[in-house]
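# Geometric and topological summary
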Amino acid sequence: MKNTATEVVPAEGGLGNDPLLAVDNLHVEFATRAGLVKAVNGVSYTLNAGETLAVLGESGSGKSVTAQAIMGILDMPPARIPLGEVRFRGTDLLKLKEEARTQIRGQRIAMIFQDALSALNPVFTVGWQIGEMFRVHRGMSRRDAETKAVELMDRVRIPAAKQRVNDYPHQFSGGMRQRIMIAMSIALDPEVLIADEPTTALDVTVQAQIMELLAELQRESNMGLILITHDLGVVADVADKIAVMYGGRIVENAPVHDIYRTPGHPYTKGLLESIPRVDQKGQELYAIKGLPPNLLDMPSGCSFHPRCPYRQDNCVTDVPELYEINPTRNSACHYWREVLDGTDG
Amino acid sequence: MAPTGDPILEVRDLVKHFPLSQGIVFKRQIGAIKAVDGVSFDLHRGETLGVVGESGCGKSTLAKVLMALERPTSGSVMINGKDMAKARGGDLKRMRRNVQMVMQDPYTSLNPRMTVGDIIGEPYEIHPDVAPKGERRRKVQDLLDVVGLNPDHINRYPHQFSGGQRQRIGIARGLALQPEIIICDEPVSALDVSIQAQVINLLDRLQTEFDLAYIFIAHDLSVVRHISDRVAVMYLGKMVELGKDLEIYDKPAHPYTQALLSAVPVPDPEGREQRERIILQGDPPSPANPPSGCRFRTRCWKAEEICAEEEPLLQIRPGTGHESACHFAETHDVVHAT
Ligand SMILES: Nc1ncnc2c1ncn2[C@@H]1O[C@H](COP(=O)(O)OP(=O)(O)OP(=O)(O)O)[C@@H](O)[C@H]1O
Ligand SMILES: Nc1ncnc2c1ncn2[C@@H]1O[C@H](COP(=O)(O)OP(=O)(O)OP(=O)(O)O)[C@@H](O)[C@H]1O
Ligand code: SF4
Ligand code: SF4
Ligand SMILES: [Mg+2]
Ligand SMILES: [Mg+2]
């Protein structure tokens, strides 16, 4: 079967008409004392097998909440999903009963959490915690589960796994604990892995080890990887395609090379220009002016308009749709043509 | 900015060990964490020295000793030619005033119950001679203006500001006592990319305006490169390489610096498959029990017998124009994508 033309062309063939995972017009809001927080306002992205989608965006733009909605781990209430679908191989997960979702969560769609280092339980050995996946979901005996745990620790390259399987989390360094979290997340061979800022707390040298490990595991098993990050360097290194979030929306999505060569949204363009470049030494850096939006009081029209150098009068009133630039690219900017041309506003 | 004249700060063989003790009633010292273990460098007026290195290598400890927040175990810190350890009374107070700090975390480093005016004016309580009581409010408003905040917001509380604005408040407080040296410990790491550039531009502008010297600690190597005149690379409490920004970034001589630079992801996907990368194996050893000889030898691909026996000193080596601490130092040309 063939993908429809509007699908981003996958690195390797897709599965059926629907991609492996499709988030479609997802909305998430939180009822808080201060008011209704509209954290996710119509997010759509797709992921194919073997593909790496990077989700980029600043703090509070809704990256983690979207991931939590895919996993089905939002507390409802206070969270509510008024609109949208999360289709996994064509089935809308949001319509499934909780038992059915439990079958998918952690087994077919797994996640590495942003605060992974505190996610390990300090009172159980790492072997026991990895083995739990097999005891609970596969009904394995303690001994078999421990054997599996050692195998996995080997796979994520923890030296002397056999000797270390009964050590406790505090006996490992930050990078090693992150490997253990990765081991747990890939234990049951998920088809989709969501990694939420998996290296933010780590040094660049350790980050490089972890990113290499994730890429290798992905090659071995052809899983789809959603990598959530705000690091433009990591994205450039590993992503096949990118979704940029701002104020709870996707403002641009495109294959990785296109976005770095010719960004199609003023926010993306501003981000790329604010990276210090070697030839800019001694000069003032380009800086996006102003502040990220307040989700309780979103700007009218295009939520980027208070900071945008391309702004025109209609930006203040008209919410830009996610325009199609070409079959593999979209931009939520009325003036994407001008942005692509590089004519500055 | 080119460094001129006598150094404003001279650091010699600086050591800071934290005792490791055992026992509850009778504490016995069983060892020490060698957080900073023999560091020497100079800093000139108007100059920025970038300090980089992995987590735990001693960057913040170095900053705290220079700020006199921690006492050095040994070694000396001279400010404008005067030894800090020997200074007393008013002299010591003036020396301390001359070195200020901007912290990493704009969310926790400001007292939430104090107004912005009180936070920025707090240093005047300790050094009342800098600004007499009647002048303080105006001084604080001037400082708010200097860092690009609205002087009318003097009575607001930290939670009413964004992360980038809070970092500006921290910078304003750092400037209050008109220091000559400001130590920035990860000043932009907690900020969004779109805000980082604003704060870096501000630090740059203030440096020119007040002829400040910066020690700029950060893990983002592209930010360090942008702002620094010279860069020091630390590993396990030691400086392993020190040179002008171009020397460190384009011609690194120490294997650790080479690995560190190659691990930094380049924000450009062009040619990513061909990029040369050195992935270090293993973790850094414990600073309580560093390897003999060269501390990097347990992860170094060039290590030979001599590396375990003899400690390589930080010095200019044959074929390299700047200081490095490696027996087999050789410059390595780095080709940058941007
Ligand atoms: N349980 C909750 N109750 C109320 N608001 C919430 C809740 N969880 C998240 N939010 C809000 O939703 C918005 C989006 O949060 P999210 O965690 O998705 O951001 P993010 O893009 O992952 O940011 P970061 O890069 O900081 O991790 C934020 O403004 C956040 O404060
Ligand atoms: N007060 C203290 N008591 C004991 N050990 C300490 C103390 N402060 C720091 N250390 C240890 O000294 C070493 C250096 O720590 P330091 O905070 O200077 O590192 P750093 O380079 O700033 O790291 P990071 O990049 O994570 O901030 C670490 O091993 C740390 O655990
Ligand atoms: S729609 Fe208007 S305000 Fe929004 S990004 Fe485009 S030009 Fe800027
Ligand atoms: S002295 Fe030896 S171990 Fe140390 S960096 Fe040089 S080659 Fe490597
Ligand atoms: Mg998040
Ligand atoms: Mg530190």
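Residues numbered from 1 in each chain as written. Chains lettered and ligands numbered in written order. Predicted model: local features only at pLDDT ≥ 70, side-chain atom pairs only at ≥ 80, totals over all residues. Heavy atoms only, no water.

### Comments concerning the confidence of the model for chain B
For clarity, the threshold we go by: Confidence of the predictor in every single residue is expressed as pLDDT, which spans 0 to 100.
The predicted model of chain B averages 87 in pLDDT, with 95% of residues at 70 or higher. What the predictor reports for the complex is a pTM of 0.85 with an ipTM of 0.77.

### Quick notes on the domain arrangement of chain B
All names here are of chain B. Defined as follows: Domain start and stop positions are those given by an automatic or database domain assignment. Buried area counts how much accessible surface, traced with a 1.4 Å probe, disappears from two parts once they are put together, with both parts' losses summed. Salt bridges are counted wherever a side-chain nitrogen of Lys or Arg sits within 4 Å of a carboxyl oxygen of Asp or Glu. Counting of polar contacts relies on pairs of N or O atoms within 3.5 Å, with two restrictions inside protein: one atom must be capable of donating a hydrogen and the other of accepting it, and residues adjacent in sequence are counted only when both atoms are side-chain atoms. Numbering goes from the N terminus for both helices and strands, where a helix is a DSSP run of H or I of at least four residues and a strand is a run of E of at least two.
Split into domains, chain B comes out as domain 1 (4-20 + 32-254) and domain 2 (255-266 + 274-338). The C-alpha centroid of domain 2 is placed 27 Å from the C-alpha centroid of domain 1. Both faces considered, domain 1 and domain 2 share a buried interface measuring about 2800 Å² in area, 59% of it formed by carbon and sulfur atoms. With a closest N to O distance of 3.2 Å, Arg299 and Glu54 form a salt bridge. Counting the contacts that link domain 1 with domain 2 gives 17 residue pairs in polar contact (both at pLDDT 80 or more). Looking at the side of domain 1 that touches domain 2, the elements with two or more residues in it are strand S2 (28-43), helix H7 (221-227), strand S9 (230-235), strand S10 (238-244) and helix H8 (245-250). Ranked by residues supplied to the side of domain 1 that touches domain 2, first place goes to S10 with six residues.

### A closer look at the pattern of salt bridges
Oppositely charged side chains can pair when the atoms bearing their charge come close. Counted according to the given criterion, the structure contains 37 salt bridges over all chains. What emerges from the salt-bridge pattern is a single network uniting Asp24, Glu85, Arg87, Asp92 and Lys95 of chain A.

### A few points about the sheet that holds strand S11 (residues 315-316) of chain B
Worth spelling out the cut-off: For two strands to be treated as a pair, DSSP must find no fewer than two bridges joining them.
In space, the eight strands of this open sheet follow the order S6-S7-S8-S3-S9-S10-S12-S11 (chain B), with mixed pairing throughout. Strands with a single pairing partner mark the edges of an open sheet, and in this sheet they are strand S6 (99-102) and S11 of chain B.

### With respect to the site of ligand 4
Cut-off, in case you're wondering: Any residue with at least one heavy atom within 4 Å of a molecule or strand is counted as near it. By the convention adopted, Pro, Cys, Tyr, Trp, Phe, Met, Ile, Leu, Val and Ala count as nonpolar, Lys, Arg, Asp and Glu as charged, and the other residues, Gly among them, as polar.
Near ligand 4 there are 13 residues, and of these Cys294, Cys300, Cys307, Cys326 and His327 of chain B occur at the shortest range. Looking at side-chain class alone, the shell around ligand 4 contains nine nonpolar, two polar and two charged residues.

### Quick word on the pairing of strand S7 (residues 192-196) of chain A
The side chains of a regular strand alternate, first on one face of the sheet and then on the other. Residue and element names in this part refer to chain A. Formally: Note on classification: 1.4 Å probe, protein chains only; a residue is buried when its accessible area is under 20% of the maximum for its type, exposed when over 50%, partly exposed between these limits.
A large share of S7 lies buried, amounting to five of its five residues. On S7, burial covers both faces: Val192, Ile194 and Asp196 on one face and Leu193 and Ala195 on the other are all buried. Bridging between strand S6 (residues 109-112) and S7 involves four bridges; their strand directions are parallel. Counterpart to Ala110 in the pairing with S7 is Leu193.

### Points about the interface of chain A and chain B
Buried accessible area, meaning the area lost when the parts come together, often serves as the stated size of an interface. Using the following cut-off: Here, residues are in contact when the closest pair of their heavy atoms is within 4.5 Å.
Taken together, the 45 residues of chain A in the interface contact 37 residues of chain B. Summing both sides of the interface, chain A and chain B together bury roughly 3400 Å²; the carbon and sulfur share of this comes to 57%. Where Glu270 of chain B meets Arg261 of chain A, a salt bridge forms, and the shortest distance between an N and an O atom there is 3.7 Å. At the junction of chain A with chain B, the criterion picks out twelve residue pairs in polar contact (both at pLDDT 80 or more). Counting residues per element, the ones that place at least two in the side of chain A that touches chain B are helix H8 (204-221), helix H9 (232-238) and helix H10 (256-261) of chain A. Here the side of chain A that touches chain B gets seven residues from one element, more than from any other, and that element is H9 of chain A. Classifying every residue of the side of chain A that touches chain B by side-chain character gives 21 nonpolar, 13 polar and eleven charged.

### A word on the packing of aromatic side chains
Threshold: Centres within 6.5 Å are what make two rings of Phe, Tyr or Trp a pair, Trp counting through its six-membered ring; a difference in plane orientation under 30 degrees is then read as stacked, over 60 as edge-to-face, and the rest as tilted.
Scanning the model with the defined rule gives six aromatic pairs over all chains in all. Relative to Tyr267 of chain A, the ring of Tyr246 of chain A has its centre 4.7 Å away and its plane inclined at 50°; by these criteria the two rings are tilted. With Tyr246 of chain A in strand S9 (residues 241-246) and Tyr267 of chain A in helix H11 (residues 266-273), this residue pair connects regions lying 21 residues apart in the sequence. Tyr267 of chain A matches Tyr246 of chain A in its accessibility class, with the two residues each being buried. When the ring of Tyr235 of chain B is compared with that of Tyr256 of chain B, the centres are 4.7 Å apart and the planes differ by 55°; the resulting orientation is tilted. Of this pair, Tyr235 of chain B sits in strand S9 while Tyr256 of chain B sits in helix H9 (residues 255-263); the two residues are 21 residues apart in sequence, bridging distant segments of the chain. Owing to a relative accessible area of 0%, Tyr256 of chain B belongs among the buried residues under this scheme.

### Comments concerning the nonpolar core
Heads up, the rule is: The definition of a nonpolar core used throughout is a set of buried Ala, Val, Leu, Ile, Met, Phe, Trp, Tyr and Cys residues joined through side-chain atoms within 4.5 Å.
Within the largest apolar cluster, 62 residues are counted, with the highest numbers of intra-cluster contacts made by Val147, Ile171, Leu175 and Leu206 of chain B. Domain assignment of the residues forming this core places at least three in each of domain 1 (4-20 + 32-254) and domain 2 (255-266 + 274-338) of chain B.

### A closer look at the pairing of strand S4 (residues 74-79) of chain B
All names here are of chain B. Here S4 pairs with strand S5 (residues 82-83) via two bridges, running antiparallel. Note on S5: the bridge partner recorded for Ile79 is Lys82. Here S4 folds back onto S5, and the loop between the two strands holds two residues, one of which, Asn80, carries a positive phi near 50°.

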